[in-house]
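A look at the structure
One-letter residues, chain by chain:
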Amino acid sequence: MNADAAMYHAKGAGKNGYSFFDASMNSNARKQLQLLQDLRTAVEQQQFSLYYQPKFDASNGRPVGAEALLRWEHPTQGMLLPDKFIELAEKTGLIIPIGEWVLNEACRQMREWYVLGYTDWRIAVNLSALQFCHTGLVQSVAKALAMHHLPANSLTLEITETTAMSDADASMTVLRELSEMGVDLSIDDFGTGYSSLMYLKRLPANELKIDRGFVRDLEHDSDDAAIVSAIVALGQALGLRIVAEGVETGVQQDFLTKLGCDSLQGYLLGHPLPAERFMLDIHRGEQLAAG
Ligand code: C2E
Ligand code: MG
Ligand code: MG
């Protein structure tokens, strides 16, 4: 068993390596196994919730929608962020039922806002690579929209560059179907993967999201500033909306707005919050705007 644990550790670190067993390996493996059992229970008992982070029009500051971000209310560990469990959910296929729930819940929430009059908002949902390869995706999306009486254009699907490019031909087919339905498509974490510009040109995407890694060092790193302005120029040339994520300072906000980003998202403008608290902030903003 110990040798196995060392082997998995070595494999996990990449090819052509070796590891000596260490007691921490077993406790790590045990923790992962426990987490997997917990995750199965979480799916059965619906221990998930969605937080919403607003996106704002860069030029006039009006909200244009929100990104739905998954949270797991773990019975003993408290609220867990996606980086603690998404990878495990992908490895085990549990991301499929979880992703279905996210899609459906996000559409249900968007319908509430739609009825309140926010008909031009878009709700953004993140998709993982596995969901994207799953044959039922297009149908699930169509079903969720129909069930909640939403126009397809109220939904943005965010996929990372790496996901979109990994099986380029297969994903092109799925993306085309979604795009023909009228669903809005966004390339998340742009600039972090390997992208082929030829492929990007053919993708039926509507939006590019500049990865927050570039936004973070904008003020101090002139290379990052150059990269961001190049991404904005590229996106504009391809007719895409440009969103910057991870906006934390006023300097970043000004810089990104001047460069021509269409919308902005980040802690400076709004943290991810449960739907009710999200809406309180939106109303507060409306009152301020009304003077
Ligand atoms: P993402 O799609 O790039 O989402 C943005 C992440 O950046 C969120 O983290 C958000 O809370 C965080 N963020 C927003 N503004 C700021 C800021 O100003 N500064 C900093 N430092 N961070 C900011 P979160 O919620 O922990 O989600 C992490 C990732 O997990 C997401 O990255 C997304 O890839 C994935 N994820 C979230 N929800 C889902 C889901 O329902 N399904 C799938 N497949 N993946 C999801
Ligand atoms: Mg995202
Ligand atoms: Mg991102």
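Residues numbered from 1 in each chain as written. Chains lettered and ligands numbered in written order. Predicted model: local features only at pLDDT ≥ 70, side-chain atom pairs only at ≥ 80, totals over all residues. Heavy atoms only, no water.

Protein-derived ligands of the magnesium ion (ligand 2) are Glu-67 (OE), Asn-126 (OD1), Glu-158 (OE) and Asp-188 (OD), with the metal-ligand distances lying across 2.0 to 2.2 Å. Ordering the donors of the magnesium ion (ligand 2) by residue number gives the pattern E-x58-N-x31-E-x29-D. Separating the magnesium ion (ligand 2) from the magnesium ion (ligand 3) is a distance of 4.2 Å, and Asp-188 supplies a donor atom to each of them. Residue Asn-126 is found in strand E4 (residues 122-126), and its partner Glu-158 is found in strand E5 (residues 155-160); the two are separated by 32 residues along the sequence. (Donors = N, O, S within 2.8 Å, 3.2 Å for Na, K, Ca; no water. Helix = DSSP H or I, 4+ residues; strand = E, 2+ residues; numbered from the N terminus.)

What follows deals with the coordination of the magnesium ion (ligand 3). Looking at the magnesium ion (ligand 3), the protein donor atoms are Asp-188 (OD), Asp-189 (OD), Glu-245 (OE) and Glu-245 (OE), and they sit 2.1 to 2.4 Å from it. The motif formed by the donor residues of the magnesium ion (ligand 3), counted along the single chain, is D-D-x55-E.

It is worth spelling out the domain arrangement of the protein chain at this point. Segmentation of the protein chain into domains returns domain 1 (1-45) and domain 2 (48-290). For domain 1 and domain 2, the distance between their C-alpha centres works out to 31 Å. Summing both partners gives a buried area of about 910 Å² for domain 1 against domain 2, and 81% of it is carried by carbon and sulfur. The largest contributions to the domain 1 side of the interface with domain 2 come from Leu-35, Leu-39 and Val-43, which together make up 56% of the buried area. At the boundary of domain 1 and domain 2, one finds zero salt bridges. For the side of domain 1 that touches domain 2, the per-class residue count stands at five nonpolar, one polar and two charged. (Domains from an automatic or database assignment. Buried area = accessible area lost by both parts, 1.4 Å probe. Salt bridge = Lys/Arg side-chain N within 4 Å of Asp/Glu carboxyl O. Nonpolar A, V, L, I, M, F, W, Y, C, P; charged D, E, K, R; others polar.)

With that settled, the discussion passes to the pairing of strand E8 (residues 241-244). Of the strand pairs in this sheet, strand E7 (residues 207-210) and E8 are connected by four bridges, and their pairing is parallel. Within E8, the position partnered with Lys-209 by the bridge is Val-243. The pairing of E8 with strand E9 (residues 263-264) spans two bridges and is classified as parallel. Following the sheet pairing, Val-243 is matched in E9 by Ser-263. In the classification by handedness, the crossover that spans E8, the intervening helix H12 (residues 250-259) and the parallel E9 is right-handed. (Pairing = 2+ DSSP bridges. Right-handed = clockwise from strand over helix to strand, strands pointing away.)

With that settled, the discussion passes to the pattern of salt bridges. It is possible for side chains of opposite charge to pair when their charged atoms get near one another. Here the structure, examined in full by the defined rule, presents twelve salt bridges. Between Asp-184 and Arg-122 there is a salt bridge, with the nearest N and O atoms lying 3.8 Å from each other. Separated by 62 residues along the polypeptide, Asp-184 in strand E6 (residues 184-190) and Arg-122 in strand E4 bring together distant segments of the chain. By relative accessible area, which is 2% here, Asp-184 ends up buried. Judged by relative accessible area, Arg-122 falls into the partly exposed class, the value being 24%. Across the salt bridge formed by Asp-184 and Arg-241, the nearest N and O atoms sit 2.8 Å from each other. A residue pair is termed long-range when its members are at least 10 positions apart, and Asp-184 in strand E6 and Arg-241 in strand E8 qualify at 57 residues. Arg-241 sits in the partly exposed class, given a relative accessible area of 22%. (Buried < 20%, exposed > 50% of the residue type's maximum accessible area, 1.4 Å probe, protein only.)

Moving on to the pairing of E5. Of all six residues in E5, five are buried; the element is thus mostly enclosed. Bridge analysis of E4 against E5 gives four bridges, and the strand direction is parallel. By the bridge assignment, Ile-123 is partnered in E5 with Leu-155. Relative to E6, E5 is paired through five bridges, and the arrangement is parallel.

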